[in-house]
Amino acid sequence: MISIEEVLRIAIDAHEGQKDLDGKPVILHPLAVGLAGKNRQEMIAGILHDVVEDTAYTFDDLLAKGVETEVIDALRLLTHEKGTDYYDYVQRVIDSGNPIALAVKKNDLTHNLARGRAGGHWKQVQKHEKALEMIEKRNPATT
């Protein structure tokens, strides 16, 4: 079973040198999402939720490093594929009913909203507010 420390090393390595819209290290976002997790699997999925989407890592790489299949399944749902409408992607997470993916997506959106508001990124705020509303409306258990 992979440790939180090993997951942190993967995420730090994967996001090395990346900056967000405000010029801050990207790694701060997955750390915040991971810390918001209520259990080990939510924490691991939160820390790794952008690794496949935004870096050269693959799901097979994560499996080879010992990330458990349940977390990989959630990460597959959480990875927004290029060319897929954002709200269709959010709906896919909702329709999956996957409790890890739903919790992590809610934590991701909550953190994105906070940093979007702080940075004045109003277009992003609007997008994330709508997505969070979709999750809360369709899955009251995740609220």
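Our subject is the structure that appears above.
Residues numbered from 1 in each chain as written. Predicted model: local features only at pLDDT ≥ 70, side-chain atom pairs only at ≥ 80, totals over all residues. Heavy atoms only, no water.

K.L.:
Looking at this structure, I do not really get the overall build of the chain. What am I missing?
P.N.:
What the chain contains, in helices and strands, is 9 helices and 0 strands. In the chain, the succession of helices and strands from N to C terminus is α-α-α-α-α-α-α-α-α. Since a compact globule built from 143 residues should have a radius of gyration of about 15 Å, the 14 Å found for the chain is in line with a globular shape. In terms of overall dimensions, the chain has a C-alpha envelope of 35 × 35 × 30 Å along the principal axes. Looking at the 143 residues of the chain, the share that counts as buried comes to 45%. Of the accessible surface of the chain, which amounts to about 7,600 Å², a share of 53% is contributed by carbon and sulfur atoms. (Helix = DSSP H or I, 4+ residues; strand = E, 2+ residues; numbered from the N terminus. Rg over C-alpha atoms; globule rule 2.2 N^0.38 Å. Buried < 20%, exposed > 50% of the residue type's maximum accessible area, 1.4 Å probe, protein only. Areas by Shrake-Rupley, 256 points an atom, 1.4 Å probe, with all protein chains shown as cover.)

K.L.:
It is not clear to me how the packing of aromatic side chains should be interpreted in this structure. Could you clarify?
P.N.:
For any two aromatic rings, the description comes down to two numbers: the centre-to-centre distance and the angle of the planes. The full count for this structure, using the stated rule, is 2 aromatic pairs. On the basis of an interplanar angle of 80° and a centroid distance of 5.6 Å, the ring pair of Y86 and Y87 is categorised as edge-to-face. When the ring of Y86 is compared with that of Y89, the centres are 5.6 Å apart and the planes differ by 55°; the resulting orientation is tilted. With a gap of 3 residues between them, Y86 and Y89 both fall in helix α7 (residues 86-96), about one helical turn apart. Comparing Y86 with Y89, the two get one shared label, buried. Clustering of aromatic rings is evident, with ring pairs tying together Y86, Y87 and Y89. Of note, K127 hangs over the ring of Y86, and the distance from its end group to the ring centre comes to 4.3 Å. The cationic tip of K130 hangs over the ring face of Y87; the distance from NZ or CZ to the ring centre is 4.1 Å. (Phe/Tyr/Trp six-rings, centres within 6.5 Å; stacked < 30°, edge-to-face > 60°. Lys NZ or Arg CZ within 6 Å of the ring centre and 35° of its normal.)

K.L.:
Mind showing me how you'd approach helix α6 (residues 69-78) here?
P.N.:
Each full turn of the α-helix corresponds to 3.6 residues, which orients residues three or four apart in the same direction. When we look at burial in α6, the residues that qualify are V71, I72, A74, L75, L77 and L78. Those residues of α6 hidden inside the fold are in contact with α3 (40-48), α4 (51-54), α5 (59-64), α7 and α8 (99-119). (Contact = heavy atoms within 4.5 Å.)

K.L.:
Help me understand the environment of K24, please; the structure alone is not making it clear to me.
P.N.:
As for its position among the elements, K24 is in the loop between α1 (4-14) and α2 (28-35). For K24, a relative accessible area of 47% puts it in the partly exposed group. Beyond its immediate stretch of four places on either side in the chain, K24 contacts Q18 and K19.

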